[in-house]
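Coordinate analysis (summary)
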Amino acid sequence: MAAPAGKLAQRLTAMADTWAQDPFRPNIQLSTFLTSLAKHPRLSPQAVQAITSLQKNEVKKAYPLSDKMLHPPSTPHYYDRLLEGYAKSQQGIARPWWKIFFGIW
């Protein structure tokens, strides 16, 4: 039994309103896309279920990454540094030019 289109659109709009904003791309937001998708005439329950799964991190919970995958032997600190770089750039903190030049973290 399928849910009415209005109910699906309402659920999708509510999810779009609670979706986190991307500080790195203020002109391209997923919430804007979800709001326009809610207005689509052929909105399906599967689309709303897929967005719900994304919001609840169901795939990440179903398939957790191993420590071997997160810390590869060739560059064990790569993903840690990547997350640290995103966090610092979000705060407006940049690495000095000489650290970039010499490859120092």
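This is a predicted model, so every value here is computed, not measured.

Procedures and definitions
- Residues numbered from 1 in each chain as written.
- Predicted model: local features only at pLDDT ≥ 70, side-chain atom pairs only at ≥ 80, totals over all residues.
- Heavy atoms only, no water.
- Helix = DSSP H or I, 4+ residues; strand = E, 2+ residues; numbered from the N terminus.
- Contact = heavy atoms within 4.5 Å.
- Patch = residues over 30% accessible without salt bridge, like charges linked within 9 Å, V, L, I, M, F, W, Y side chains within 5 Å.
- Areas by Shrake-Rupley, 256 points an atom, 1.4 Å probe, with all protein chains shown as cover.
- Salt bridge = Lys/Arg side-chain N within 4 Å of Asp/Glu carboxyl O.
- Lys, Arg positive; Asp, Glu negative; His and termini not counted.
- Charge placed at Lys NZ, Arg CZ, Asp CG, Glu CD.
- Phe/Tyr/Trp six-rings, centres within 6.5 Å; stacked < 30°, edge-to-face > 60°.
- Buried < 20%, exposed > 50% of the residue type's maximum accessible area, 1.4 Å probe, protein only.
- Arc of directions from axis to C-beta.
- Axes fitted to C-alpha atoms, helices over the stretch in contact; angles between N-to-C directions.
- Parallel < 35°, antiparallel > 145°, perpendicular 65-115°, else oblique.
- Nonpolar A, V, L, I, M, F, W, Y, C, P; charged D, E, K, R; others polar.

**Looking at the side chain of Thr52**
Among the secondary structure elements, Thr52 is positioned in helix α3 (residues 45-55). Contact partners of Thr52, with chain neighbours within four places excluded, come to Arg11 and Met15.

**Examining a positive patch on the surface**
Judged by side-chain charge, Lys7, Arg11, Lys56 and Lys61 come together as a positively charged surface patch. Along the chain, Lys61 falls in helix α4 (residues 58-62).

**As for the packing of aromatic side chains**
Evaluation of the coordinates by the stated rule reveals 3 aromatic pairs. Ring geometry for Phe101 and Phe102: centres 4.9 Å apart, planes at 85 degrees, overall edge-to-face. For the pair shown, Phe101 and Phe102 are each scored as exposed.

**A short note on a nonpolar patch on the surface**
A surface patch of nonpolar side chains, amounting to about 500 Å² of accessible area, comprises Phe24, Tyr78, Tyr79, Leu82 and Tyr86. In this fold, Leu82 is placed in helix α6 (residues 78-91).

**What about helix α2 (residues 30-38)?**
Three or more residues of α2 are buried, namely Ser31, Leu34 and Ala38. Viewed along the axis of α2, the buried residues span an arc of 60 degrees, placing them on a single side of the element. Buried residues belonging to α2 abut α1 (5-18) and α3.

**So, the packing of α1 against α2**
It is at 8 Å that the axes of α1 and α2 come closest, and there the two elements cross at 170 degrees. If you check the angle between α1 and α2, you find them roughly antiparallel. Counting all contacts with α1, which are made through Ala9, Leu12, Thr13 and Ala16, the residues of α2 involved are Ser31, Leu34, Thr35, Leu37 and Ala38. For the contact of α1 with α2, a count of residues per class yields 6 nonpolar, 3 polar and no charged.

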